[in-house]
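What the coordinates show
Chain by chain, the residues run as shown.
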Amino acid sequence: MPQSSRKFLVVADDSNECRTALYFAARRAVSTGAHVAILATHEPSDFNHWIGVAETAKREAETAAETLLESMAEDAEAVTGERPELLLREGDRRTVLARLLEEDPLISLLVLAASSSSEGPGPLVTALARGRGLFDGRAVPVTVVPGDMDPAEIDALV
């Protein structure tokens, strides 16, 4: 299949469900000729009265997000054979995600995983389910992957 410039975006976190969404996005990208992009966010620090502490907290959050992105990039590359686009942004995850979807018209699919825990499906999936949506402007299709799917089940789908 010829390569396209379309991107499938996965929002990174350290959950197993996120890895399931990434695997789905990578397998789907291979079968459709798209690319994978991975977004990691970190919250701005809340230590404004102690500048040194705020800078240290920010560096630690960035380092943790970069480490997560690199680990996920390796997983995606193992499936697709190409390095995914890695996006690291500071701010509230929903706000950053909405801004990114507005700014990048090549993102054609948002892939999220629903948590299988009793605490609920996760904040982004919950926001979608409650009708709040994740975007104000450009609509982007969303695929919600059950977090407890195994790779063989995903392989059978794509």
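This report concerns the structure included in the present document.

Parameters at a glance
- In every chain, residue numbers begin from 1 and rise along the written sequence.
- Totals for whole chains, interfaces and linings use every residue, but because this is a predicted model, local features are given only for residues with pLDDT of at least 70 and side-chain atom pairs only at 80 or more, for both listing and counting.
- To obtain the side-chain values, all non-hydrogen atoms of the structure were used and water was disregarded.
- Note: two strands are recorded as paired if DSSP finds a minimum of 2 bridges between them.
- Helix and strand assignments follow DSSP, with helices taken as H or I runs no shorter than four residues and strands as E runs no shorter than two, numbered in order from the N terminus.
- Between N-to-C directions, angles cover 0 to 180 degrees, with each direction set by a line fitted to C-alpha atoms, over the stretch in contact for helices.
- Contact between two residues is taken to exist if any of their heavy atoms lie within 4.5 Å; hydrogens are not considered.
- What a helix is expected to span follows from its residue count: subtract one and scale by 1.5 Å.
- The buried label goes to any residue with under 20% of its type's maximum accessible area, the exposed label to any with over 50%, and the partly exposed label to all in between, with areas taken from a 1.4 Å probe on protein chains only.
- Every case where a carboxyl oxygen of Asp or Glu lies within 4 Å of a side-chain nitrogen of Lys or Arg is listed as a salt bridge.
- Residue types Ala, Val, Leu, Ile, Met, Phe, Trp, Tyr and Cys, when buried and joined through side-chain atoms within 4.5 Å, form a set referred to as a nonpolar core.

1. Brief notes about the sheet that holds strand 1 (residues 7–11)
Spatially, the five strands line up as an open sheet ordered 3-2-1-4-5, and their pairing is parallel. What marks the edges here is a single partner per strand, and that holds for strand 3 (85–90) and strand 5 (142–146). Going from strand to strand, the sheet's axes swing by 25 degrees on average, the running direction of each strand aside. Where strand 2 (residues 35–42) meets strand 3, six bridges bridge the pair, whose relative direction is parallel. The partner of L39 across the bridge, within strand 3, is L87.

2. Focus: the environment of V111
Looking at the element boundaries, V111 is found in strand 4 (residues 107–114). The sequence separation of V111 and F8 amounts to 103 residues, and the corresponding C-alpha distance is 6.8 Å. If near-sequence neighbours (up to four positions away) are discounted, V111 is found in contact with L9, V10, V11, A21, F24, A25, T143 and V145.

3. Notes on helix 1 (residues 16–32)
End to end, helix 1 covers 25 Å across 17 residues, agreeing with the expected 24 Å (1.5 Å per residue, within 8%). Every buried residue of helix 1 is accounted for by E17, C18, T20, A21, L22, F24, A25, A26, A29 and T32. Just downstream of helix 1 lies G33, where phi reads positive at about 80 degrees.

4. Examining the pattern of salt bridges
Tallied over the entire structure, the rule returns five salt bridges. Two residues, R83 and E70, come together in a salt bridge whose shortest N-O distance is 2.7 Å. In this pair, R83 sits in the loop between helix 2 (51–80) and strand 3 while E70 sits in helix 2, placing the two residues 13 residues apart along the sequence. With relative accessibility at 41%, the residue R83 sits in the partly exposed group. Taken together, the salt bridges that share partners define one network made up of K7, E85 and D104.

5. Side note on the nonpolar core
Counting 25 residues, the largest nonpolar core has V10, L22, I38, M72 and V111 as the members making the most contacts within it. Breaking this core down by element, the ones donating at least two residues are strand 1, helix 1, strand 2, helix 2 and strand 4. Take this core: its biggest share by element is seven residues, from helix 1. Ignoring sequence-local partners within four residues, the contact set of I38 consists of L9, V10, A12, L22, L69, M72, A73, P84, E85, L86 and L87. Counting residues in hydrophobic clusters, the runner-up holds 14 residues, among them A37, I107, L112 and L124.

6. Details of the side chain of H42
Within the element layout of this structure, H42 appears in strand 2. Not counting chain neighbours up to four residues away, the residues in contact with H42 comprise K58, A61, E62, L88, R89, E90 and G91.

7. Focus: the pairing of strand 4
When a strand is regular, its side chains alternate between the sheet's two faces. With seven of eight residues buried, strand 4 is to be regarded as a mostly interior element. Where strand 1 lies against strand 4, four bridges are found, and the strand directions are parallel. Its bridge partner lying in strand 4, V10 is registered against V111. Where strand 4 meets strand 5, five bridges bridge the pair, whose relative direction is parallel. When the bridges of strand 5 are listed, A113 appears paired with V145.

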